[in-house]
Amino acid sequence: MLWQRPQTARVRPLGFRPPRLLLDVELEWVLQRAFGPFSWMPKTAVSGQRLVDVALRLDVASRIAARQPRELVEREMGSAAAHRLREQYVGTVARGALLDHALDQLLERARDSGVTCILLKYAALNRMGVLRVGARVASDIDVLVPDTRAREFQAILKEKGYQDLGLPESSHQLPALRDPNGVLIELHVHVPLVTLAPGNSFVRADDLLAAGLTIQSGNALLPDAAIVAAHAIAHGLMQHAQVPHVYSPLKTFADLADLQLKRHAVVEQARAYLARTMTAEDLTSVQTLARVLPVGDLETAMRGGPGVLLRHALASQLDRRYAIRLRLGGLIQQRGTSVRRSPAQLFISLRAAWEWLRSSPNRQL
């Protein structure tokens, strides 16, 4: 039986306290070109080098290159800077092809083993058809499997050549494996902070199947779009809120923007699955920010609760002091998951955090 946290859900505010942040012309350009309407045009000249730096740190460089015509990007930011974005885009396309191949192989193993796999994160978004080619950076494949079959399937994969890297186990997933082509595979046993019923703090594969919240897509199962949206919010704003070096919070709103193109009310529908772990005020702020970013209304995006979320998303990647505060807080308290760490692994984690704190201020977060 897998080790898990108690199942009682607890509503907690996000509690972000980002520093003051003004949108300069480069930040505005990056946000508008990553999220805003295609009709938007910059009013003043921008620094191509800073645009590249900001886009890379916020992890939206490939998204911009995928969304915008190549000629427009070159005209607005210069050919050298535009080439940097193009390189990121080409690399993301190539990585996406490798991930797709890895997923096909994993699903074939699952079929042969009679194990149900529900796609999560990038794999789900891509199979749903909401992503532009090369728009979303991803490093691994995540699937949700029944907790009663998880260890058995993990063992089968090892027998088929998948390598155990010795990574720690979390409450919501088994240790990651590396497939024969070098892609990380993560078998999840539940989705933390997304709930279907009172008293639970996560949702399992069997819960989604019983509730009719999956759909068949070829040789895989996909969660309902509202579940995918809820997971994107929980993953980016709660589960990884205090580890900005691991996940850019702005990717949450990129995923929501893409999902809204498929189902306009998807963020509103996702609220039902987060109402037992997030406050109504925070959910409203998320919904508002997800609504105004795609229409380019940055004035509303920077006000009130939505402004706190947006400043957090930006400052966590661009303000080193704020990023340090978040990471130090994560060493004391984590939300949504628990990692089974031995004393030696905990020491390694603390040492890695210390080395990160001592690293160059110019090092990309």
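Parameters at a glance
Residues numbered from 1 in each chain as written. Predicted model: local features only at pLDDT ≥ 70, side-chain atom pairs only at ≥ 80, totals over all residues. Heavy atoms only, no water. Helix = DSSP H or I, 4+ residues; strand = E, 2+ residues; numbered from the N terminus. Buried < 20%, exposed > 50% of the residue type's maximum accessible area, 1.4 Å probe, protein only. Contact = heavy atoms within 4.5 Å. Areas by Shrake-Rupley, 256 points an atom, 1.4 Å probe, with all protein chains shown as cover. pLDDT = per-residue confidence, 0-100. Axes fitted to C-alpha atoms, helices over the stretch in contact; angles between N-to-C directions. Parallel < 35°, antiparallel > 145°, perpendicular 65-115°, else oblique. Nonpolar A, V, L, I, M, F, W, Y, C, P; charged D, E, K, R; others polar. Expected span 1.5 Å × (residues − 1). Phe/Tyr/Trp six-rings, centres within 6.5 Å; stacked < 30°, edge-to-face > 60°. Lys NZ or Arg CZ within 6 Å of the ring centre and 35° of its normal. Salt bridge = Lys/Arg side-chain N within 4 Å of Asp/Glu carboxyl O. Pairing = 2+ DSSP bridges.

Participant: How would you summarise the overall build of the protein chain if you had to cite specific residues and measurements?
Facilitator: Of regular secondary structure, the protein chain possesses 16 helices and eleven strands. Evaluated residue by residue, the protein chain yields a buried proportion of 54% over its 365 residues. The long-range fraction of contacts in the protein chain, counting pairs at least 24 apart against all pairs at least 6 apart in sequence, stands at 70%. Carbon and sulfur atoms form 51% of the exposed surface of the protein chain, whose accessible area is close to 16500 Å².

Participant: I'd like to hear about the confidence of the model for the protein chain, residue by residue, with values.
Facilitator: The predicted model of the protein chain averages 91 in pLDDT, with 88% of residues at 70 or higher. Taken as a whole, residues 361–365 scores under 50 in pLDDT and shows 16 contacts with residues more than four places along the chain or in a different chain.

Participant: Tell me about the packing of helix α5 (residues 79–113) against helix α6 (residues 121–128), and name the residues and values.
Facilitator: Interhelical geometry of α5 versus α6 gives an angle of 95° and a closest axis separation of 11 Å. Regarding the angle of α5 to α6, the classification is roughly perpendicular. Every residue of α6 that contacts α5 at G96, L99, D100, L103, D104 and L107 is listed here: Y122, A123, N126 and R127. Here the contact of α5 with α6 is built from residues that sort into five nonpolar, two polar and three charged.

Participant: Describe unusual backbone geometry, and please don't skip the residues or the numbers.
Facilitator: A positive phi angle, close to 65°, is found at D59, a residue other than glycine. With respect to the helices and strands, D59 occurs in the loop between α2 (48–57) and α3 (61–67). Backbone geometry places L193, a non-glycine residue, at a positive phi of 75°. Mapping L193 onto the fold places it in the loop between β7 (191–192) and β8 (202–203).

Participant: Which residues make up helix α14 (residues 304–318), and what values do they have?
Facilitator: Taking 1.5 Å per residue as the helical rise, α14 with its 15 residues ought to reach 21 Å, and the 20 Å between its terminal C-alpha atoms agrees with that figure. The buried fraction of α14 amounts to eleven of the 15 residues, a majority that puts the element mostly inside the structure. Listed as buried for α14 are P306, G307, L309, L310, R311, H312, A313, L314, A315, S316 and Q317.

Participant: Can you lay out the packing of aromatic side chains for me, pointing to particular residues and giving the numbers?
Facilitator: Taken as a whole, this structure holds zero aromatic pairs when the rule is applied. It is R63 that lies over the ring of F35; its NZ or CZ is 5.2 Å from the centre.

Participant: An account of the packing of helix α12 (residues 280–292) against α14 is needed here, citing residue identities and associated values.
Facilitator: One way to put it is that α12 packs onto α14 with a least axis distance of 8 Å and a crossing angle of 75°. Relative to α14, the element α12 is oriented roughly perpendicular. Residues S285, V286, T288 and L289 of α12 form the contact with α14, whose participating residues are G305, P306, L309 and L310. A per-class count over the contact of α12 with α14 returns five nonpolar, three polar and no charged.

Participant: Give me the environment of G91: which residues, what numbers.
Facilitator: Structurally, G91 can be placed in helix α5. Here G91 falls in the partly exposed class, since its relative accessible area comes to 38%. Taking the C-alpha atoms as reference, G91 lies 8.7 Å from S62; in sequence the two are 29 residues apart.

Participant: How would you sum up the side chain of S285? Please name residues and give values.
Facilitator: In this fold, S285 is placed in helix α12. Leaving out residues up to four positions away in the same chain, S285 has contacts with G305, P306 and L309.

Participant: Please set out the pattern of salt bridges residue by residue, giving values where relevant.
Facilitator: Oppositely charged side chains are able to pair whenever their charged atoms sit close together. Per the stated rule, a full pass over the model turns up 17 salt bridges. The salt bridge involving E299 is made with R303; its shortest N-O contact spans 3.5 Å. Accessibility expressed as a relative area gives 58% for E299, which makes it exposed. We classify R303 as partly exposed; its relative accessible area is 47%. Within this structure, D24, E26 and R50 form a network of salt bridges that share partners.

Participant: Got a sec to walk through the pairing of strand β2 (residues 140–144)? Specific residues and values, please.
Facilitator: Taken across its five residues, β2 has five buried, putting it largely inside the fold. Alternating residues of β2 divide into D140, D142 and L144 and I141 and V143, and every residue in both groups is buried. Sheet topology note: the strand β1 (residues 118–119)/β2 ladder contains two bridges and is antiparallel. Residue pairing in the sheet places I118 in a bridge with L144 of β2. Pairing geometry for β2 and strand β6 (residues 184–188), over five bridges, is parallel. Residue pairing in the sheet places L144 in a bridge with H188 of β6.

Participant: Help me get a handle on the environment of V93, residues and values and all.
Facilitator: Within the secondary structure, V93 is located in helix α5. On the basis of relative accessibility, which here comes to 30%, the residue V93 falls in the partly exposed class. For the pair V93 and G134, spaced 41 residues apart in the sequence, the C-alpha separation amounts to 4.4 Å. Apart from the residues lying within four places of it in its own chain, the contact partners of V93 are V133 and G134.

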